[in-house]
Amino acid sequence: MNQMDQTKFCCSVCLDLLKDPVAIPCGHSYCMNCIKSFWDEEEKKKIYSCPQCRQTFTARPVLVKNTMLADLVEELKKTGLQAAPADHCYAGPEDVACDVCTGRKMKAFKSCLVCLVSYCEKHLQPHYDVVQLKKHKLVEPSKKLQENICSRHDEVMKMFCRTDQQSICYLCPVDEHKGHDTVSAAAERTERQRELEVSRQNIQQRIQDREKDVKLLQQEVEAINQSADQTVEHSKKIFTELIHLIQKRKSDVKQQIRSQQETEVSRVKELEEKLEQEITELKRKDAELKQLSHTEDHIQFLHNYPSLSALSESTDSSSINIRPLSNFEDVTAAVSEVRDKLQDILREEWTNISLTVTEVDVLLSDAPKPKTRAGFLKYSCEITLDPNTANKQLLLSEGNRKATLKLFQHSYSDHPDRFNYLCQVLSRESLTGRCYWEVEWRGRGVCVAVAYKNISRKESGNECLFGHNGKSWSLDYINNSYKFWYNKIQTRVSGPRSSRVGVYLDHRAGILSFYSVSETMTLLHRVQTTFTQPLYAGIRIYSYGDTAEFIKLT
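Nothing here was measured: the structure is a model prediction, and the numbers come from that model.

Novice: Would you mind going over empty space enclosed by the protein with me for this structure?
Specialist: The method is simple in principle: a probe with the dimensions of a water molecule rolls over the atoms, and the space it marks as empty is what remains. This model, assessed by the stated rule, comprises one cavity of 30 Å³ or more. By volume, the largest cavity amounts to about 40 Å³. Around the largest cavity sit Ser380, Cys381, Glu382, Lys552, Leu553 and Thr554, which together line it. The class makeup of the residues in the lining of the largest cavity is two nonpolar, two polar and two charged.

What follows is the structure, given as structure tokens:
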């Protein structure tokens, strides 16, 4: 009987020959247990359907064994009829196919590493029955059997060369692997298996450690949330009380602020007028000195110089200063203390009240600032220079980590990010978080800087110069002395001369530190500010032939 005939006697549920066949009202036949199980799953819906045509029945049909069909199936079994293979038994594009099957190939059940052939269950049977084939190594079906064949000798590779770390056949040690340390593939597998188990143990231990860490972090999150909720409730209650107290003095606060405002503005205006007068006087004095410098009569020059060179006393502007803000260290305790004392302060010590703006941040504790070079190196980052920002007289080398100032211009293409007039260059990497890097220089001096990306690039004046604007900070070493620059303000810096400068940045904390690096690290200058954008590392070179290089620290 042909394949089409066989499929007529197969159950469409189990795809096997019918067992206890039954016919349902639509005319399709199934194994009794198969259709029962199918309808059992539909029991909740109270609607029963045919798995093939999907016709539905509101009442569950009564199943009666089809005796004639059952006898026919049993009779046909005696003639050798077997169930046709289901579609899922055939090999698809992603499956390993049996190499022995002809026509439409079945899925492989095993692959033989000796025969280098994949077999379906039918064609694999001799490997279970024949004594010689029972010794062959069977594995899960594999598409990579040909990778076990030596491309040079066309032999199965059963050895391993430890010298070249590759699988080889038994002929390879005769020629290209002659004299090498070779072992059987099984022996090498045993050794690698031991290493694998050790690696797995290490991984499993790390998993356990990390799971413990995650649990601790979850507990910490719960504690933080609980503390925050309590603080919110306490603060809400305290601030409600404070509002009632503050409202009683609202008009007094406004009056005192305006009064203090008038006083301070008056003082500033008075100082401003004095400075303007001093500027006018200095300009006049400068013009007279300029005129005197052009006097050709030596006697007349010496006669007038003493009276013109004397300068009036400079106006004292030392009263100008910046008062940093302070932060609450403990919100609940501080607010509670203010609530308890505010009534007395408002009544008895009103003139001592100062208004403060406080920004409070609740975060996990930051790591301590590094104190040794080893500590700084934990935050080391590899920095490369961006050719698109380099002045055309700067030659980049060493993987764009080194810059050399040349007399001639290089053939860089025009780019909006390039410094056109100043011999400066910025890093390709943006810097946030905690970072540390070192710059080593050779020559007369160097400028080591950080800058925002939107620093000016095209002007010829100081607006583009590192440290001479509000978008960059720089440490200069020139003429055997250090100077720190920010926003055109110069700060003299003392410290040991070194050809290497270390820079530590804690972007979030607003800390920027420069160090002289030799056998020890010496702090040259530290900045405490607020960074509003990612920063980029930069350098400026002063003299032709001088170099500056970002050192690889890892």
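Novice: I'm lost on the sheet that holds strand β7 (residues 138-139) in this one. Help?
Specialist: Strands pair in a sheet through their backbones, by hydrogen bonds, and they do so in one of two ways: parallel or antiparallel. The strand order across the open sheet formed by three strands is β6-β5-β7, and the pairing between neighbours is antiparallel. Edge positions in the open sheet fall to β6 (117-119) and β7, since each of these has one partner strand only.

Novice: Honestly, the environment of aspartate 95 in this entry has me stumped. Any pointers?
Specialist: With respect to the secondary-structure elements, aspartate 95 resides in the loop between α3 (67-78) and β5 (110-112). In sequence terms aspartate 95 and alanine 108 are 13 residues apart; their C-alpha atoms lie 7.9 Å from each other. Ignoring sequence-local partners within four residues, the contact set of aspartate 95 consists of Tyr90, Lys107 and Lys143. Among the polar contacts listed, one links the side chain of aspartate 95 to the backbone nitrogen of glycine 92, at a separation of 2.8 Å.

Novice: Could you clarify how one ought to interpret the sheet that holds strand β9 (residues 166-168) in this entry?
Specialist: With antiparallel pairing, the three strands of this open sheet are ordered in space as β9-β8-β10. Each end of this open sheet is capped by a strand with a single partner; those strands are β9 and β10 (182-184). Neighbour to neighbour, the strand axes of the sheet diverge by 35° on average, direction disregarded. Here strand β8 (residues 159-161) pairs with β9 via three bridges, running antiparallel. From the neighbouring strand, phenylalanine 160 faces β9, where its bridge partner is serine 167.

Novice: Before we go on, may I ask you to explain the side chain of glutamate 438 in this structure?
Specialist: Inspection of the secondary structure assignment puts glutamate 438 in strand β14 (residues 434-442). A distance of 2.9 Å separates a polar atom in the side chain of glutamate 438 from a polar atom in the side chain of arginine 373. A distance of 2.6 Å separates the side chain of glutamate 438 from the side chain of tyrosine 436, its partner in a polar contact. Aside from chain neighbours lying at most four places away, what touches glutamate 438 is Arg373, Arg500, Val501, Gly502, Val517, Glu549, Phe550, Ile551 and Leu553.

Novice: Quick question: what am I supposed to make of the pattern of salt bridges here?
Specialist: For the coordinates displayed, the defined rule picks out 22 salt bridges. The partner of aspartate 20 in a salt bridge is lysine 65, and the shortest N-O contact between them spans 3.4 Å. With aspartate 20 in the loop between α1 (3-7) and β1 (21-23) and lysine 65 in the loop between β4 (56-57) and α3, the pair connects residues that are 45 residues apart, well separated along the chain. Using a relative accessible area of 38% as the deciding quantity, one classes aspartate 20 as partly exposed. We classify lysine 65 as partly exposed; its relative accessible area is 41%. Here arginine 152 makes a salt bridge to glutamate 176, at a shortest N to O gap of 3.1 Å. On the criterion of sequence distance, the pair formed by arginine 152 in the loop between β7 and β8 and glutamate 176 in the loop between β9 and β10 is long-range, its members being 24 residues apart.

Novice: How should I be thinking about unusual backbone geometry in this particular structure?
Specialist: Where the residue is not glycine, phi is negative for most of them; where a peptide bond is considered, it is trans in most cases. In this structure, glutamate 398 is a non-glycine residue whose phi angle is positive, near 50°. Along the chain, the position of glutamate 398 falls in the loop between β11 (394-397) and β12 (402-405). Positive phi, normally seen in glycine, also occurs at asparagine 487, with a value near 55°. Counting through the fold element by element, asparagine 487 comes out in the loop between β17 (481-486) and β18 (489-493).

Novice: How do you make sense of the side chain of asparagine 391 when you look at a structure like this?
Specialist: Mapping asparagine 391 onto the fold places it in the loop between α11 (373-377) and β11. A polar contact of 3.1 Å, which involves the side chain of asparagine 391, links it to the backbone oxygen of phenylalanine 419. Once residues within four sequence positions are removed from consideration, asparagine 391 is found in contact with Tyr412, Arg418, Phe419, Asn420, Tyr421, Leu422, Cys423 and Gln424.

Novice: Would you take a moment to explain a nonpolar patch on the surface for this structure?
Specialist: A cluster of nonpolar side chains, contributed by Leu407, Phe408 and Tyr544, occupies part of the molecular surface with about 390 Å² of accessible area. Of note, phenylalanine 408 is situated in the loop between β12 and β13 (424-426).

Novice: Sorry if this is basic, but what is going on with the confidence of the model for the protein chain here?
Specialist: Detailed reading of the predicted model is not advised wherever pLDDT is low. Mean pLDDT over the protein chain works out to 82, with 83% of the residues at or above the 70 mark. For residues 322-334, every residue scores under 50 in pLDDT, and the model assigns this stretch 15 contacts once sequence neighbours within four places are set aside. Below pLDDT 50 for its whole length, residues 345-365 participates in 26 contacts with residues either more than four positions away or in separate chains.

What counts and what doesn't
Numbers given for residues are sequential positions, taken from 1 along each chain in its written order. Only residues with pLDDT of 70 or above have their local features reported here, since the model is predicted, and side-chain atom pairs are shown and tallied only from 80 upward, although totals for entire chains, interfaces and linings are computed over all residues. Here the side-chain values reflect all heavy atoms present in the structure, with hydrogen atoms and water set aside. For cavity detection a 1 Å grid was placed over the protein atoms alone, and a set of points counts as a cavity when a 1.4 Å probe fits there but cannot get out; an open set counts as a pocket when protein lies on both sides within 12 Å along at least five of seven lines, with lining residues being those that have an atom within 4 Å of a point. Grid points are joined across faces, edges and corners, and a volume is the space filled by probe spheres set on the points. Ten residues, namely Ala, Val, Leu, Ile, Met, Phe, Trp, Tyr, Cys and Pro, are considered nonpolar, four, namely Asp, Glu, Lys and Arg, are considered charged, and the remaining ones, Gly among them, are considered polar. Two strands pair under a simple rule: DSSP has to find at least two bridges between them. The helix and strand labels rest on DSSP assignments: H or I over at least four residues marks a helix, E over at least two residues marks a strand, and numbering proceeds from the N terminus. Here a residue-residue contact requires only that any non-hydrogen atoms of the pair lie within 4.5 Å. In protein, a polar contact requires one atom able to donate a hydrogen and another able to accept it; more generally it is a pair of N or O atoms within 3.5 Å, and residues adjacent in sequence count only if both atoms are side-chain atoms. For every element, the axis is a line fit to its C-alpha atoms; helices are fit only across the contacting stretch, and the angle between N-to-C directions ranges from 0 to 180 degrees. Take a side-chain nitrogen of Lys or Arg and a carboxyl oxygen of Asp or Glu: if they are within 4 Å of each other, that pair is a salt bridge. Each residue is placed in one exposure class: buried if its accessible area under a 1.4 Å probe, protein chains only, is under 20% of its type's maximum, exposed if it is over 50%, and partly exposed if it falls in between. Grouping into patches uses exposed residues only, defined as over 30% relative accessible area, and leaves out salt-bridged ones; the cut-off is 9 Å for like charges and 5 Å for nonpolar side chains (Val, Leu, Ile, Met, Phe, Trp, Tyr). The protein chains shown are the only cover counted for residues, whose accessible areas, like all others here, come from Shrake-Rupley with a 1.4 Å probe. Confidence scores per residue from the predictor, reported as pLDDT, run from 0 to 100.

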